[in-house]
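# Structural features, examined
Here's the letter readout for the chains.
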Amino acid sequence: MAAPQLPLLPRTAAQAHQARHVLTVPGDVELDEIEVLALSRFSATRWDVVPAGILPGNVAGAPQVRRAQGKEVGVLRVSRHAVMNGPYLPAGEGFDLGVPPGAAMAFDIICHRERGEVPFPAGDRDGIGRAFAAGMPEREERRLVEWLVSVARRLGGSLRLDVGGMWDAPGGPTAQPGAGVVLTPDAGAAIDMTVYSDVWLDPQAAHTILQKVHPRARLHMEGKEWGGPPQGIADKPLYPGDPLDPELRKKLHAAADDYDIKALTGPRVLDGYGLIVDLDVDGIVSVEISGEEKLPRLLRGLPWAEQGAVRYWVHWEPHDLVESQREFPSMELRVARKRAAELVARLAGAVHAAAGGEIADEDGFLVDPSDL
C-alpha cells in the first residue's frame, strides 16, 4: 500500500473513559497479518469496516461487511469494547507521533481504561510497568496491551501506550508527564517455541532426532527414590488441637498408603519426559514433552487437535533469570540469548520435521517452519 494514500492519525479519538494506544509497523507488513494475529488471541475479532488493503475474498462474509470508502480507514474489532482503527500514516494531524524511524503504518487502538496498582519497582522485560507507572492496566485493557506488545515484537514495530488526551489540545500535550511512553519490544527477548502435534515421539526417538541437532542433547528422566511418608505420621495430629479421631486418622493414612503402593507397583505410564542441552555459560535449553489440552486459538478447530495435542516445549533457561527479565539486559545476556535462540529454532524445526503439526512462538502466534 502506498504511504501517500493513507490519512494522518487524528488528534482526538478516545472519550474520557477510554484509553488510547498507538501501534506502528514497517512497510512490509500486510493488513491480513494484523487480522490473523488478532484472531490468534481474541475470538471476537472481526472487521466492522474492511480497509482497502484487504481483498474481498479474504474476509469471511465479505458481501455483508462494509468496505472503507475513499480515505476512510478500517475498523478491526477485537472485543466488545476494543477496536483498532487504521492504517494511518505514522504521523499525526499537527503533532509528532514520536516513534522510532522505519514505521510505515500506524493503528489507533481504543478500549476501556482499566487501571489497578502501581507496578513493581523492579520493572519487567517488556517495559509495560514503565509505560503505566501510575497504575497497571487490568482485565481487558491488560490483555489488549500484552497483545500489542506481542504484535510489535512479532512485526518489528513500536507502541505509544496510554496517550490519552495528550494530543487533544492544539497547543501541545495535556497529559501527565511520562504519558505516551514509546516501547519498541525486542524481538530477541522471546525465544521459546512450542511444537503441537498429534504424533508422540518416544524418548529414544526424540533423543536420536535432537542429538543430530546438538550432540550434547540428553534425556533427562532420572528421578529420586521415595522412601514413603515419615514414620509415625499417622499417630500425629495434623495441627495442634486437631479434633480428628486417632483411629479414623490411622485408617485414612492406611488407605492413602494402599493407594500409593498400588500406584507405585503398577505398570508405569509415561505421560511426559524431557531432554536437555547444557550450553555451559549460556545456560540450558530443554525440550519438555507432554500432553496439552489448552492449545493456541488457531489450532482449536483442526481435526487432529480436537482432543488436545502433544506439546513439545523448547525452552531456554539462562543462569541469571533476573537479568533475563530486565527490559534492557546486559550485553552478556543478549549474546547468550542470541546463541540459545538459534539452537531453540533448530530444535523446534527438527521436532516439527519428525512429528509434523504446527509451531507457535512464545507469544502463541503460529510460525511458518520455513521462517526458522
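All residue numbers refer to position in the chain's written sequence, counted from 1. Local features are withheld for residues below a pLDDT of 70 in this predicted model, meaning they are given only at 70 or higher, and side-chain atom pairs are given and counted only at 80 or more; totals for whole chains, interfaces and linings count all residues. As a rule here, side-chain values cover all heavy atoms of the structure and leave hydrogens and water aside.

We now examine the sheet that holds strand 8 (residues 181–183). The eight strands are arranged 3-2-4-5-6-1-7-8 in an open sheet whose pairing can be described as mixed. Where the open sheet ends on each side, the last strands, each with one partner, are strand 3 (66–67) and strand 8. Should DSSP find at least two bridges between two strands, the strands are taken to pair. Counting from the N terminus, the helices are the DSSP runs of H or I reaching at least four residues and the strands are the DSSP runs of E reaching at least two. In terms of strand pairing, strand 1 (residues 18–25) meets strand 7 (residues 158–161) through three bridges, oriented antiparallel. Across the sheet, the residue bridging to Val 22 is Arg 160, located in strand 7. Pairs of residues are marked as contacts when any of their non-hydrogen atoms sit within 4.5 Å. An axis is simply a line fitted to the C-alpha atoms; with a helix, the fit covers only the stretch in contact. Between two such axes, the angle follows the N-to-C directions and lies from 0 to 180 degrees. In the packing of helix 3 (residues 139–155) onto the sheet, contacts are made with strand 1, strand 5 (83–88), strand 6 (105–112) and strand 7, and the angle to strand 1 comes to roughly 10°.

This next bit is on the nonpolar core. Within the largest apolar cluster, 39 residues are counted, with the highest numbers of intra-cluster contacts made by Leu 23, Met 84, Phe 107, Leu 144, Trp 147 and Leu 148. Elements represented by at least two residues in this core include exactly strand 1, helix 1 (31–39), strand 2 (46–50), strand 6, helix 2 (128–131), helix 3, strand 7 and strand 8. Among the elements that take part in this core, helix 3 stands out by supplying eight residues, more than any other. Setting aside chain neighbours within four positions, we find Leu 144 in contact with Phe 42, Val 78, Ala 82, Ile 109 and Cys 111. Formed by 32 residues, the second largest nonpolar core is a distinct cluster that contains Ile 191, Val 277, Leu 333 and Leu 347. To form a nonpolar core, buried Ala, Val, Leu, Ile, Met, Phe, Trp, Tyr and Cys residues must be joined to one another through side-chain atoms within 4.5 Å. The rule is simple: take the accessible area with a 1.4 Å probe, protein chains only, and divide by the maximum for that residue type; under 20% is buried, over 50% is exposed, in between is partly exposed.

Further remarks concern the packing of helix 4 (residues 203–213) against helix 7 (residues 331–355). Between helix 4 and helix 7, whose axes approach to 10 Å, the crossing angle comes to 140°. With respect to each other, helix 4 and helix 7 are oriented oblique. Note that helix 4 runs across helix 7; the crossing there is right-handed. Residues Ile 209, Leu 210 and Val 213 of helix 4 pack against Leu 343, Arg 346, Leu 347, Ala 350, Val 351 and Ala 354 of helix 7. Partitioned by chemical class, the residues of the contact of helix 4 with helix 7 number eight nonpolar, no polar and one charged. For classification purposes, an angle smaller than 35 degrees is called roughly parallel, one larger than 145 roughly antiparallel, one from 65 to 115 roughly perpendicular, and anything else oblique. Each crossing gets its handedness from the near helix: less than a right angle anticlockwise from the far helix is left-handed, clockwise is right-handed. In the scheme used here, Gly and all other residues not listed as nonpolar or charged are polar, with Ala, Val, Leu, Ile, Met, Phe, Trp, Tyr, Cys and Pro taken as nonpolar and Asp, Glu, Lys and Arg as charged.

Each helix should span, by expectation, one fewer than its residue count multiplied by 1.5 Å. Helix length check: helix 3, at 17 residues, gives a terminal C-alpha distance of 24 Å against a target of 24 Å (1.5 Å per residue), a fit within 8%. Counted residue by residue, helix 3 has 12 buried out of 17 residues, so it is predominantly covered. Contact partners of the buried residues in helix 3: strand 1, helix 1, strand 5, strand 6, helix 2 and strand 7. Where helix 3 ends, the next residue or the one after it, Gly 156, has phi of about 75°, a positive value.

Moving on, we get to the packing of aromatic side chains. Note on ring pairs: Phe, Tyr and Trp rings are taken, using the six-membered ring of Trp, and paired if centres are within 6.5 Å. Classes follow the plane angle, with under 30 degrees stacked, over 60 edge-to-face and the rest tilted. Evaluation of the coordinates by the stated rule reveals two aromatic pairs. The interplanar angle of 75° and the centroid separation of 5.6 Å between the aromatic rings of Phe 42 and Trp 147 together place this pair among those described as edge-to-face. Within this pair, whereas Phe 42 is found in the loop between helix 1 and strand 2, its partner Trp 147 is found in helix 3, the two being separated by 105 residues in sequence. Like Trp 147, Phe 42 is buried. Pairing Trp 200 with Tyr 273 gives two aromatic rings, centres 5.6 Å apart and planes at 75°, and the pair type is edge-to-face. Remark: Tyr 273 occurs in strand 11 (residues 272–278) and Trp 200 occurs in the loop between strand 9 (193–197) and helix 4; sequence separation between them is 73 residues. Using a relative accessible area of 7% as the deciding quantity, one classes Tyr 273 as buried.

Right, let's get into the confidence of the model for the protein. Looking at the protein as a whole, the pLDDT averages 86, with 84% of positions reaching at least 70. Scored between 0 and 100, pLDDT is the confidence that the predictor attaches to each residue. Ignoring residues within four places in sequence, the model shows residues 169–178, a span with pLDDT below 50, making nine contacts including any to other chains.

With that settled, the discussion passes to a nonpolar patch on the surface. Residues with no salt bridge and a relative accessible area higher than 30% make up the patches, which join like charges within 9 Å and nonpolar side chains (Val, Leu, Ile, Met, Phe, Trp, Tyr) within 5 Å. We get accessible surface area from the Shrake-Rupley algorithm with a probe of 1.4 Å; when it comes to residues, only the shown protein chains can shield them. We define a salt bridge as a side-chain nitrogen of Lys or Arg found within 4 Å of a carboxyl oxygen belonging to Asp or Glu. Together, Leu 244, Leu 248 and Leu 252 give the surface a local cluster of nonpolar side chains, amounting to about 240 Å² of exposed area. Relative to the elements of secondary structure, Leu 248 occurs in helix 5 (residues 246–265).

Moving on: the pattern of salt bridges. It is possible for side chains of opposite charge to pair when their charged atoms get near one another. Throughout the structure, instances matching the rule amount to 21 salt bridges. Its salt-bridge partner being Arg 115, residue Asp 162 comes within 2.9 Å of it at the nearest N-O pair. Pair noted here: Asp 162 is in the loop between strand 7 and strand 8 and Arg 115 is in the loop between strand 6 and helix 2, with a separation of 47 residues, a long-range link. For Arg 115, a relative accessible area of 27% translates into the label partly exposed.

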